[in-house]
Amino acid sequence: MDNKTAWDTLEKITNLPTLPAVYFQVNKLLQDKQASIEKIARIIEVDPGMSSSILRLVNSAFYGLGKTCNSISHAVMILGFNAVKNAIVSVTVLDALTVKDRPAGFNTTDFWRHSVSVAVLARQLAQRSRLAAPEDAFIAGLLHDAGKIILLNYFKDDFLRILQAVRERNLAFADAEQEVASLDHVQIGAYLARKWQMPDPIVEAIACHHYYVTQDDTTGLVECVIAANMLANSNYSVHPDDIIFEGRVEDALKPLLAAPESWLPEAVEEIDAACEFFLEKR
Ligand SMILES: [Fe+2]
Ligand SMILES: [Fe+2]
């Protein structure tokens with residue numbers, strides 16, 4: 001299948017994974033600038049299961065809130081509209097992106113452990129560098145490889161060819177898919193994020209996490225995700241000179257990559273706690 005045919009196929013898929021209606025309702029309120037704490041809480045509280053998952057998330061050790069939240073309206077008040085919208089994504093995305101038929105050589109638990117690690121690391125980098133909203137960095141990290149699940153569920157032959165190239169020629173996944181697949185997980189992930197009405201910087205972070213092009217007007221979110229992905233893929237040891245970003249972003253991120261001992265141990269603890277939360281029932 002060539003790239004154009006693959007895109008046509010992707011665009012014709014009618015049952016692509018989606019997020020719950022609550023997410024889109026909250027998103028619409030925010031876009032229409034009609035959000036209020038009461039309105040958002042009322043929408044979320046209709047679903048008691050989701051409400052309790054969100055409260056468990058924001059009160060979890062790795063979320064780093066520092067105080068206890070006992071209701072959704074309290075959470076909206078403390079965290080803000082955007083963070084609560086992102087919390088809906090966090091607690092539902094693993095169910096949205098289930099694997100239909102898992103091939104040998106692909107481990108779903110490892111996939112999510114990697115995604116959660118990148119989410120926590122990206123959030124830490126965003127928070128400490130002050131480059132981007134930490135909760136946006138978390139979502140971008142959590143979703144950065146989501147395209148792999150779509151590839152696996154809807155383009156299985158391509159996915160199997162990629163796994164074969166990874167296994168037989170020892171290629172990295174992203175390099176293998178450039179050679180043998182008609183679409184890559186980066187393009188698909190960005191497409192899905194756009195369909196899910198994610199803000200542009202999150203779509204861009206997903207789209208550019210392997211193929212970075214310096215942009216003067218970057219928000220810094222994409223660079224936090226790239227650095228987080230490199231850290232997660234290299235057992236947390238990235239040489240700061242291996243990543244070159246635009247001046248302002250470089251100035252903010254390089255000191256963190258050059259002195260990981262000042263923040264990484266805490267982040268690794270958070271990753272363990274976050275994996276426990278997200279992978280509990282898997
Ligand atoms: Fe990736
Ligand atoms: Fe990744």
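Residues numbered from 1 in each chain as written. Chains lettered and ligands numbered in written order. Predicted model: local features only at pLDDT ≥ 70, side-chain atom pairs only at ≥ 80, totals over all residues.

Focus on the domain arrangement of the chain
- Per the domain assignment, the segments making up the chain are domain 1 (17–96) and domain 2 (98–282).
- On a C-alpha basis, the centres of domain 1 and domain 2 stand 23 Å from each other.
- Contact with domain 1, which involves 15 residues of that partner, is made by 17 residues of domain 2.
- Of all elements in the fold, only helix H2 (21–31) and helix H6 (81–96) reach the threshold of two or more residues within the side of domain 1 that touches domain 2. (Domains from an automatic or database assignment. Contact = placed C-beta atoms within 7 Å. Helix = DSSP H or I, 4+ residues; strand = E, 2+ residues; numbered from the N terminus.)

Looking at the packing of helix H9 (residues 146–154) against helix H12 (residues 185–195)
- Closest axis-to-axis distance for the H9/H12 pair is 7 Å, and the angle between their directions is 100°. Taken together, the axis directions place H9 and H12 in an arrangement best described as roughly perpendicular. Note on element contacts: H12 touches H9 through His185, Val186, Gln187, Ile188, Gly189 and Leu192, opposite Ala146, Gly147, Lys148, Ile150 and Leu151.
- Across the contact of H9 with H12, the residue classes break down as six nonpolar, four polar and one charged. (Axes fitted to C-alpha atoms, helices over the stretch in contact; angles between N-to-C directions. Parallel < 35°, antiparallel > 145°, perpendicular 65-115°, else oblique. Nonpolar A, V, L, I, M, F, W, Y, C, P; charged D, E, K, R; others polar.)

What about the environment of Lys67?
- When you line up the elements, Lys67 lands in the loop between helix H4 (48–58) and helix H5 (72–79).
- Remark: the alpha-carbon pair of Lys67 and Trp196, spanning 129 residues in sequence, is separated by 31 Å.

A closer look at unusual backbone geometry
- Here Lys33, not a glycine, exhibits a phi torsion of approximately 55°, which is positive.
- Inspection of the secondary structure puts Lys33 in the loop between H2 and helix H3 (37–45).
- Of the residues examined, Lys33 has 6 C-beta atoms within 10 Å and is grouped as exposed.
- Despite not being glycine, Asn235 shows a phi value in the positive range, around 55°.
- In this fold, Asn235 is placed in the loop between helix H14 (221–233) and helix H15 (247–258).
- The class of Asn235 is exposed, set by 7 C-beta atoms lying within 10 Å. (Buried ≥ 20, exposed ≤ 12 C-beta atoms within 10 Å, placed from the backbone.)

Thoughts on the nonpolar core
- Of all hydrophobic cores here, the largest spans 85 residues; its most connected members are Ala122, Ala137, Ala140, Ile206, Cys224, Val225 and Ala228.
- Residues lining this core come from more than one domain, with at least three contributed by each of domain 1 (17–96) and domain 2 (98–282).
- Beyond its immediate chain neighbours, meaning those up to four positions away, Ile206 contacts Ala140, Leu143, His144, Val186, Gly189, Ala190 and Ala193. (Core = buried A, V, L, I, M, F, W, Y, C linked by C-beta atoms within 7 Å.)

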